[in-house]
Amino acid sequence: MLHNPKARNTARATIGLYLAVLATLLVTTFYPTPVAGVSVALILSVKLIPLLAFAVPVFRGHNRGYIWLAFVVIFYFTEAVVSAWLSQGAAAPVILTVLTFLLFTVALVHLKVNRPVAH
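First, a word on scope: everything that follows refers to the structure included in this document. On a predicted model such as this, the values are computed, not experimentally measured, just so you know.

### A few points about the overall build of the protein
Then step 1. Of regular secondary structure, the protein possesses five helices and zero strands.
Then step 2. Walking the protein from its N terminus toward its C terminus, one meets helices and strands in the order α-α-α-α-α.
Then step 3. Across its three principal directions, the C-alpha atoms of the protein cover 60 × 30 × 20 Å.
Then step 4. Of the contacts formed within the protein by residues at least 6 apart in sequence, a portion of 68% connects residues at least 24 apart.
Then step 5. By element, 74% of the accessible surface of the protein is carried by carbon and sulfur atoms, the whole surface being about 7,500 Å².

Spelled out as C-alpha cells, the structure:
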C-alpha cells in the first residue's frame, strides 16, 4: 500500500532491483558452468525460494514485507561480498554485490518515503 505519491518511484525502483537480483541469481546458476554432481533444482531452490517468498509484499508495496526483505537481502549481500573477494573480483559476484546493496538501500528509502501519514 502506497501512502505517498513519491513512494511510487521508490516502489518501482525496488521492484526493478528485486527482479534484477532474481535474474542474476538465476543466470549465475548456469554461468559459467553449473556445479557438477549437484541438482540444478536444488541449487535454484536454495538461491531463489527465500527471495521469492517476498514477491507478493514487494509487488503490493507492503511496508512490513519490505522490512523483512531488507533483513534477508543482507545475507545475499554478505554471500556476494565473500564470493567477490574469493574470486578476486569476478564479474558475477561483484554485480550481485552491487545489486543487493542497491536493493537494500532503495527498500529502506522506500520505507522512509512511504511512512503512513498520522491523522
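Here the narrative resumes, following the displayed structure.
### Overview of the packing of aromatic side chains
Then step 1. Throughout the structure, instances matching the rule amount to three aromatic pairs.
Then step 2. With a centroid separation of 6.5 Å and an interplanar angle of 45°, the aromatic rings of Phe77 and Phe101 are classed as tilted. Of this pair, Phe77 sits in helix H4 (residues 63-86) while Phe101 sits in helix H5 (residues 91-113), and the two are 24 residues apart along the sequence.
Then step 3. Classification of Phe77 as partly exposed rests on a relative accessible area of 31%.

### Observations regarding unusual backbone geometry
Then step 1. For Gln88, which is not glycine, the phi dihedral falls at a positive 55°.
Then step 2. Within the element layout of this structure, Gln88 appears in the loop between H4 and H5.
Then step 3. A relative accessible area of 74% means that Gln88 is categorised as exposed.

### Focus on a nonpolar patch on the surface
Then step 1. On the surface, Phe77, Val81, Val94, Val98, Phe101 and Leu102 cluster together into a nonpolar patch covering about 450 Å² of accessible area.
Then step 2. Elements represented by at least two residues in the nonpolar patch include exactly H4 and H5.
Then step 3. Of all the elements, H5 adds the most residues to the nonpolar patch, at four residues.
Then step 4. With respect to the helices and strands, Val98 occurs in helix H5.
Then step 5. Residue class for Val98 comes out partly exposed when judged on its relative accessible area of 44%.

### Regarding the nonpolar core
Buried together is how nonpolar side chains tend to be arranged in soluble globular proteins.
Then step 1. Tyr18, Val21, Leu25, Leu51, Val58, Leu69 and Leu103 are the most contacted members of the largest nonpolar core, which totals 24 residues.
Then step 2. Of the residues forming this core, the biggest block, seven residues, is contributed by helix H1 (residues 7-30).
Then step 3. Once residues within four sequence positions are removed from consideration, Tyr18 is found in contact with Leu51, Leu52, Phe54, Ala55, Val58, Phe59, Leu69 and Leu103.

Calculation notes
Residues numbered from 1 in each chain as written. Predicted model: local features only at pLDDT ≥ 70, side-chain atom pairs only at ≥ 80, totals over all residues. Heavy atoms only, no water. Helix = DSSP H or I, 4+ residues; strand = E, 2+ residues; numbered from the N terminus. Contact = heavy atoms within 4.5 Å. Areas by Shrake-Rupley, 256 points an atom, 1.4 Å probe, with all protein chains shown as cover. Phe/Tyr/Trp six-rings, centres within 6.5 Å; stacked < 30°, edge-to-face > 60°. Buried < 20%, exposed > 50% of the residue type's maximum accessible area, 1.4 Å probe, protein only. Patch = residues over 30% accessible without salt bridge, like charges linked within 9 Å, V, L, I, M, F, W, Y side chains within 5 Å. Salt bridge = Lys/Arg side-chain N within 4 Å of Asp/Glu carboxyl O. Core = buried A, V, L, I, M, F, W, Y, C linked by side-chain atoms within 4.5 Å.

Purely spatial values, then, with no claim about function.
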